[in-house]
Amino acid sequence: MAKRFVSVDSFYELQKLIESEKDLFLLSGGSNMLLTSDIDKLVTHINIKGVSIDKEDENCVYLTVNSGEDWHEFVLWCIDQNYGGIENLSLIPGNVGTSPIQNIGAYGVEVKDVITKVEALEIATAKRVQFSNEECEFGYRNSIFKNKAKGKYIITSVSFRLTKKNHIIHKKYGAIESELQTRGIKNPTIKDISDAVIAIRKSKLPDPKEIGNSGSFFKNPVIAVDHFQRLQKLYPEIPFYEVRPFDSNSTSLSADEAGPVYHAQGDILYKVPAGWLIEKAGFKGKRYGDHGVHGKQALVLVNYGNAKGQDIFDLATIIQKEIKSLFDIELEIEVNII
Ligand code: EPU
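This write-up is about the structure you can find in this document. (Residues numbered from 1 in each chain as written. Predicted model: local features only at pLDDT ≥ 70, side-chain atom pairs only at ≥ 80, totals over all residues. Heavy atoms only, no water.)

## Considering the pairing of strand β10 (residues 127-132)
What counts is decided by this rule: Any two strands are treated as partners once DSSP identifies two or more bridges connecting them. Helix and strand definitions follow DSSP, with helices as H or I runs of at least four residues and strands as E runs of at least two, each counted in order from the N terminus.
Bridge analysis of strand β9 (residues 115-122) against β10 gives six bridges, and the strand direction is antiparallel. Looking across to β10, one finds that E122 is bridged to K127. As consecutive antiparallel partners, β9 and β10 are separated by four residues, and within that stretch A126 has a phi angle of approximately 60°, a positive value.

Shown next, in the form of structure tokens:
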């Protein structure tokens, strides 16, 4: 529970606040955090809104979006304007300002693919700072903001480069292709992709407004070839795809998104879907009082109403232990535990 709360609407307001109080608890959309205790710090809702077009040319538009904008509403607005690049990231809960922190990703696209820069307020100095795409040190569900910059900055806006024509259509990932086939669409527009992604997500993932959840609770683990081969002998049906450690793009894909296959010996790793492991361990659809494992996607832990954050965390720990004992895999939690 929050004891003190403030909502901040502008960069200037945030700057003023930081000058008087530095120990803030930042709240954006709140969609990727699990609260296990009360919060004593001043809970600060970042509600800075606004979208501006910085420049455009024949092919691309360059936009800056303030961090309090809702991510999915921004995606839908882009599709309306025929700006391409984030349609595969439709229906991801949360705000624009938190999208770079965990480098949100789905269906073959990560937000790092379209971010040009991130602007933030440095808490120690109350000064405006910028991070180029490279400086954000993006990785699979990861960035500098989860590592060495953690707790030091408040992201105030994110800038994107999106396409105005010749959009790059990512349609071979996950269930997109079969969804398009069902709809009789051969040459999809960005709107068709967005519609397909929305339908797939709705069919697999619970709506956080209806059932409490933070999307994928764990990251998909990446294991060495010998480890994978041992598992494949025991479970020939195990879904997987091969990744090269230095190929950051390929690690963004989900496990059924085969992607390029490399055969250089020694450097291949295997990503296996945590959802499959958790299902195999028998947790899928299990309910324990008011919390449990989602019945359609075992990677998602759900709160049916009155479960405490600690209950969910304890269930996550039980799952981690079981996955370790069955598959010798350490599942890493993706959600921020507070
Ligand atoms: N699978 C199961 N059982 C399950 C869930 C999945 O067997 O309960 C199998 C599926 O059959 C499929 C494979 O696992 O063969 C992959 O499943 P899915 O396509 O649902 O994707 P995922 O790897 O489980 C990742 C992201 C999602 C993202 C999808 C689509 C992570 C941790 N999760 O899930 O991201 O929407 O790919 O690209 O990488 C999120 O981060 O919150 C999130 C939802």
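## A short note on helix α5 (residues 225-234)
Within an α-helix, residues lying three or four positions from one another point in the same direction, as the helix has 3.6 residues per turn. Stated formally: Only protein chains enter the calculation, and the probe is 1.4 Å; a residue is then buried if its accessible area is under 20% of its type maximum, exposed if over 50%, and partly exposed in between. As used here, the arc belongs to the directions running from the helix axis to the C-beta atoms. The contact definition used throughout considers only heavy atoms, calling two residues in contact when any of these lie within 4.5 Å.
All of the buried residues in α5 are H227, F228 and L231. All buried residues of α5 project into a common sector of 95° when viewed along the axis, lining one side. At its buried positions, α5 is contacted by β13 (222-224), β15 (269-271) and α7 (309-327).

## Description of the nonpolar core
Basically, it comes down to this: Put simply, a nonpolar core is a bunch of buried Ala, Val, Leu, Ile, Met, Phe, Trp, Tyr and Cys residues held in one set by side-chain atoms that sit within 4.5 Å of each other.
Residues W71, F74, I86, F160 and L162 are the most contacted members of the largest nonpolar core, which totals 40 residues. In contact with I86, not counting residues within four places along its chain, are W71, F74, V75, C78, V114 and L162. Listed in part, the 31 residues of the second largest apolar core include L34, W276, L299 and A316.

## A look at the sheet that holds strand β6 (residues 60-66)
For clarity, the cut-off: Axis definition: a line fitted to C-alpha atoms, over the contacting stretch in the case of helices. Angles run 0 to 180 degrees between N-to-C directions.
If you trace the five strands from one edge of the open sheet to the other, you get β5-β6-β11-β9-β10, paired in antiparallel fashion. Edge positions in the sheet fall to β5 (51-56) and β10, since each has one partner strand and no second. Going from strand to strand, the sheet's axes swing by 20° on average, the running direction of each strand aside. Helix-sheet contacts for helix α2 (residues 71-80) involve β5, β6 and β11 (153-163), and the interaxial angle to β11 is about 20°.

## Observations concerning the site of the ligand
Keep this limit in mind: Note on definitions. A residue lies near a molecule or strand when any single heavy atom of the residue is within 4 Å of it. Polar contacts, as used here, are pairs of N or O atoms within 3.5 Å; protein pairs need one atom able to donate a hydrogen and one able to accept it. Residues neighboring in sequence count only if both atoms are side-chain atoms. Residue burial considers only the protein chains on display, and all accessible areas are found by Shrake-Rupley using a 1.4 Å probe. Classification used: nonpolar for Ala, Val, Leu, Ile, Met, Phe, Trp, Tyr, Cys and Pro, charged for Asp, Glu, Lys and Arg, polar for all others including Gly.
In the vicinity of the ligand, 26 residues are found, and the nearest of them are Y107, Y140, N220, E279 and A298. N220 is positioned with one of its side-chain polar atoms (N or O) 2.8 Å from an oxygen atom of the ligand. A298 places a polar main-chain atom, nitrogen or oxygen, 2.8 Å from an oxygen atom of the ligand. Burial of the ligand by the protein chains amounts to 87% of its free accessible area of 830 Å². Here the shell around the ligand takes three residues from helix α6 (residues 274-280), the largest share from any one element. Broken down by class, the residue content of the shell around the ligand amounts to eleven nonpolar, seven polar and eight charged.

## A short note on the packing of aromatic side chains
Selection rule: The pairing test for Phe, Tyr and Trp rings, Trp by its six-membered ring, is centres within 6.5 Å, and the orientation test on the planes gives stacked under 30 degrees, edge-to-face over 60, and tilted for anything in between. Any Lys NZ or Arg CZ found within 6 Å of a ring centre and within 35 degrees of that ring's normal is scored as a charge over the ring.
Inspection of the entire model under this criterion finds 14 aromatic pairs. When the ring of Y235 is compared with that of W276, the centres are 5.8 Å apart and the planes differ by 80°; the resulting orientation is edge-to-face. With Y235 in the loop between α5 and β14 (241-243) and W276 in helix α6, this residue pair connects regions lying 41 residues apart in the sequence. You'll find Y235 and W276 in the same group, each marked buried. One aromatic cluster is present, built from ring pairs that chain together W71, F74, W77, Y83 and F160. Lying across the ring of Y62, K55 places its NZ or CZ 4.6 Å from the centre. The ring of F11 is capped by R128, whose NZ or CZ atom sits 3.7 Å from the centre of that ring.

## Considering the state of the cysteines
Just so we agree on the cut-off: Two cysteine sulfur atoms make up a disulfide if the distance between them is within 2.5 Å.
This model, assessed by the stated rule, comprises zero disulfides. Among the cysteines around C60, which has no disulfide bond, C78 carries the closest sulfur, lying 13 Å off. The buried category is assigned to C60, whose relative accessible area is 13%. C136 forms no disulfide, and the closest cysteine sulfur to it belongs to C78, at a distance of 18 Å.

## Quick look at the pattern of salt bridges
Where we set the bar: Basic side-chain nitrogens of Lys or Arg form a salt bridge, by our definition, when they fall within 4 Å of a carboxyl oxygen of Asp or Glu.
In the structure shown here, the tally under the stated rule is 17 salt bridges. Residue K16 pairs with E19 through a salt bridge whose shortest N-O separation is 3.3 Å. You can see K16 and its partner E19 sitting in helix α1 (residues 11-20), three residues apart, about one turn around the helix. The shortest N-O distance in the salt bridge between K164 and E56 comes to 2.9 Å.

## Considerations on a nonpolar patch on the surface
The condition that has to hold: In this analysis, a patch consists of residues with relative accessible area above 30% that form no salt bridge, clustered at 9 Å for like charges and at 5 Å for the nonpolar side chains Val, Leu, Ile, Met, Phe, Trp and Tyr.
A cluster of nonpolar residues, V51, I53 and W77, forms a patch on the protein surface that exposes about 230 Å² of accessible area. Looking at the element boundaries, W77 is found in helix α2.

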